[in-house]
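Chain by chain, the residues:
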Amino acid sequence: MHARTQSLIETRSEVVARIKRNLITRLSLPYTEDDLHEDVSLLGSGLGLDSLDALEVVLSVEQEFGVKVGDGGIGLLRSINTIVDFVLEQKAASAAIGGGVR
Amino acid sequence: MRNSHVASFLARAGAMMTDRDGANLAAHFGDVGAEYRAVREAVGLLDASHVLVFKGPVDDAIYPLDEVFAGNVANLRYGRVLHTLLADAEGMIVADAYIACGDEEILVLCEACAPREDVARLLAGCPVRDVTDETAVLCVDGPKAWGPLRDLFGRDILGMPYLSVEAHDLDGVPVGVLRAGKTAEFGYWLVVPAADADKVHGRLMDAGARHGIAPYGLDALDLLKLDGRFFNVNREGRAVRDPLPLGLQWMIDFQKDGFSGRDAILARREAGVPRKIVGIALAAGAKGLAEGSTVVLDGDPVGTVVACGWSDGLQREMGLALLDQPVAWSGLDFEVRTDSGALPARSISLPPFVPASLSVRLDEV
């Protein structure tokens, strides 16, 4: 595997693990991290989170990564992967200006 | 082969017919893209005659069903619907199922990747009756799906939460309405007596006219499931069969003492899942993604394409690939080797766009 591929996987897997741990802990989900596919739907079908759960997820992402989700949050919550994409974009943008996304 | 319960409408509408799960129903109406867009942008109506329907008294059936289906049927409350799966003794998927708990009866609606007889055999110990031949299932999907339902059944229907069921009446015809769907848009499944299916179908088309309703077929449904990231038992389900690499753990209650295939599924879960399904998309303009194609990463084969199609939402070909776990991540650049050559592809996060229904406020319509 090329070094660039390895680096992309390491960066993504670290964010995925943090999000999964938060979801399981804060929502008391009866699953292990391995049980949660990154594309599982968070709203409606899939994990079936309600609006209060969704708020909890937004807060956990903001606290964990030091980002601001904002009003477009509902669209981000399509899956774990779409949250990860958002966090990685915020990290990249933050790094470009020397910011503090964790 | 059983005929569609709305066969006369399909013939008048010029549907191209296909066989699925022992049923003859519409593959498309001449323009799959237009049917897809009707569902993504307005409202579509699907005849789901391929769905197997079983029915039984709630009090008698709920616990026996709980011992068969992977989800927690026993905890299903009145008026609610459970989305779960049915597995065989080896823990391989047989059907993707909605189980709806009505006032007195429980409904089991199965999309199967195994013959009807196999599903019936697994349910043999449950006091449910196969009513597929006497029952029609009509699916209304799209960001405006609420429109014809509200006009026919009243505003209260807008208050139905996702995965709920209500009994309604349409000019004397009993209609079971499930707030459910597999397109990533708003959806309602209407369960009606087969003898009245044409009538209800016609009323839906009439009521839906001002909301832009269009009939859609199975070809569009497959594409809607694909880029809406809804499990398709007839595509990736049939190709993979094992619910764990398909990411269907959410359909399974691992705390339950028993369900069909439990031991096999738990053993595989304990051992670790070696491969996992991931979305992939070709570069814009690239064509030729095919099921069975080998997926290559940095020169090494790492997986296989198990489902694919044109995504109108992405405006490119996309698919689902079963990849080795260490490389089953979104955002990587792959190569897909097809009969016509190697195609550059990237793994993507699903669903890859925000469905229009997510921005609709039903309390404001």
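Residues numbered from 1 in each chain as written. Chains lettered and ligands numbered in written order. Predicted model: local features only at pLDDT ≥ 70, side-chain atom pairs only at ≥ 80, totals over all residues. Heavy atoms only, no water.

**Q** Help me out: how do you make sense of the pairing of strand β19 (residues 333–338) of chain B in this one?
**A** All names here are of chain B. Residues of β19 alternate between two faces, with F334, V336 and T338 buried on one and D333, E335 and R337 left unburied on the opposite face. Pairing between strand β16 (residues 294–297) and β19: three bridges, direction antiparallel. Its bridge partner lying in β19, V295 is registered against V336. The pairing of β19 with strand β20 (residues 341–348) spans six bridges and is antiparallel. Bridge assignment links D333 to a residue of β20, and that residue is R346. Between β19 and β20, which pair antiparallel one after the other, the connecting turn spans two residues. (Buried < 20%, exposed > 50% of the residue type's maximum accessible area, 1.4 Å probe, protein only. Helix = DSSP H or I, 4+ residues; strand = E, 2+ residues; numbered from the N terminus. Pairing = 2+ DSSP bridges.)

**Q** I tried to follow the packing of helix α2 (residues 32–41) of chain B against helix α7 (residues 218–228) of chain B on my own but got confused; where do I start?
**A** Packed helices, taken two at a time, are described by the angle between their axes plus the distance between the axes. Residues and elements named next belong to chain B. The geometry of α2 relative to α7 is characterised by a closest axis approach of 9 Å and an angle of 55° between their N-to-C directions. One element, α2, and the other, α7, form an angle in the oblique class. Like other packed secondary-structure pairs, α2 and α7 cross with a definite hand, here right-handed. Across from V32, E35, Y36, V39 and R40 in α2, the residues of α7 making contact are D219, A220, L223, L224, D227 and G228. Here the residues of the contact of α2 with α7 sort into six nonpolar, one polar and four charged. (Axes fitted to C-alpha atoms, helices over the stretch in contact; angles between N-to-C directions. Parallel < 35°, antiparallel > 145°, perpendicular 65-115°, else oblique. Left-handed = near helix turned anticlockwise from the far one by under 90°. Contact = heavy atoms within 4.5 Å. Nonpolar A, V, L, I, M, F, W, Y, C, P; charged D, E, K, R; others polar.)

**Q** Would you explain the state of the cysteines in this entry?
**A** By definition, a disulfide links two cysteine residues through a covalent bond between their sulfur atoms. Residue and element names in this part refer to chain B. For the structure shown, the criterion picks out zero disulfides over all chains. In this structure C308 is a free cysteine whose sulfur lies 18 Å from that of C113, the closest cysteine sulfur available. Exposure remark for C308: the relative accessible area of 12% places this residue in the buried category. (Disulfide = S-S within 2.5 Å.)

**Q** Can you help me understand the interface of chain A and chain B in this one?
**A** As a measure of interface size, the accessible area lost when the parts come together is often cited. Chain A puts 30 residues into the contact, and the matching count from chain B is 33 residues. At the surface where chain A touches chain B, the tally comes to two salt bridges. Of the charged contacts in the structure, one is a salt bridge between A:E38 and B:K276, with a shortest N-O distance of 2.8 Å. Remark: the boundary between chain A and chain B carries 13 residue pairs in polar contact (both at pLDDT 80 or more). The set of elements that each furnish at least two residues to the side of chain A that touches chain B consists of α1 (3–27), α3 (73–76) and α4 (80–96) of chain A. It is α1(A) that provides the largest number of residues to the side of chain A that touches chain B, a total of seven residues. In terms of residue class, the side of chain A that touches chain B is built from 10 nonpolar, 12 polar and eight charged. (Salt bridge = Lys/Arg side-chain N within 4 Å of Asp/Glu carboxyl O. Polar contact = N/O pair within 3.5 Å; in protein donor to acceptor, adjacent residues only side chain to side chain.)

**Q** Could you clarify how one ought to interpret the side chain of B:S260 in this entry?
**A** Residues and elements named next belong to chain B. Here S260 lies in the loop between α8 (233–240) and α9 (262–271). Within the structure, S260 has its side chain in polar contact with the backbone oxygen of A87 (distance 2.5 Å). Once residues lying within four places of it in the same chain are set aside, the contact partners of S260 are E67, V68, A87, D88, A89 and L122.

**Q** Can you help me understand helix α6 (residues 197–208) of chain B in this one?
**A** Three or four residues apart is the spacing at which side chains of an α-helix point the same way, because the helix has 3.6 residues per turn. Its 12 residues give α6(B) an end-to-end C-alpha distance of 16 Å, which sits within 8% of 16 Å, the value for a rise of 1.5 Å per residue. What α6(B) keeps buried is the set B:A197, B:V200, B:H201, B:L204, B:M205, B:A207 and B:G208. (Expected span 1.5 Å × (residues − 1).)

**Q** Hey, could you run me through the packing of α1(A) against α4(A) in this one?
**A** Residue and element names in this part refer to chain A. Packing of α1 against α4 brings their axes to within 10 Å, and their N-to-C directions diverge by 125°. Considering the angle they form, α1 stands oblique to α4. Where α1 crosses over α4, the two elements pack in a sense that is right-handed. Here T11, R12, E14, V15, V16, R18, I19, K20 and L23 of α1 come into contact with α4, specifically with I80, N81, I83, V84, D85, V87, L88 and K91.

**Q** Please explain the packing of aromatic side chains as it appears in this structure.
**A** Remark: the centre distance and the inter-plane angle together describe each pair of aromatic rings, the angle taken between the planes. Enumeration according to the criterion identifies two aromatic pairs over all chains in this entry. Between A:Y31 and B:F254 the ring centres are 6.5 Å apart and the planes differ by 90°, which places this aromatic pair in the edge-to-face class. You can see A:Y31 sitting in the loop between α1 and α2 (51–65) and its partner B:F254 sitting in the loop between α8 and α9, one on each of two chains. Each member of the pair, A:Y31 as well as B:F254, carries the same accessibility label: buried. With centroids separated by 4.9 Å and ring planes inclined at 80°, the aromatic side chains of B:Y98 and B:W189 adopt a geometry described as edge-to-face. One end of the pair, B:Y98, is in strand β7 (residues 93–101); the other, B:W189, is in strand β13 (residues 187–193), with 91 residues separating them in the sequence. By relative accessible area, B:W189 is classed as buried at 4%. (Phe/Tyr/Trp six-rings, centres within 6.5 Å; stacked < 30°, edge-to-face > 60°.)

**Q** When you look at the environment of A:G73 in this model, what are you seeing that I'm missing?
**A** Residues and elements named next belong to chain A. Looking at the secondary structure, you find G73 in helix α3. Classification of G73 as buried rests on a relative accessible area of 5%. As for G73 and A54, which are separated by 19 residues in sequence, their C-alpha atoms are 8.8 Å apart.

**Q** It is not clear to me how the sheet that holds strand β1 (residues 2–3) of chain B should be interpreted in this structure. Could you clarify?
**A** Either a parallel or an antiparallel arrangement is found when strands of a sheet pair, and the pairing is made through backbone hydrogen bonds. All names here are of chain B. Ordered in space as β1-β3-β2, the three strands form an open sheet in which the pairing is mixed. Where the open sheet ends on each side, the last strands, each with one partner, are β1 and β2 (16–20). Looking at chain direction, β2 and strand β3 (residues 23–28) are connected through five bridges and run antiparallel. Directly across from D19, in β3, lies its bridge partner N24. Contacts from α7 reach β2 and β3 within the one sheet, and its direction differs from that of β3 by about 70°.

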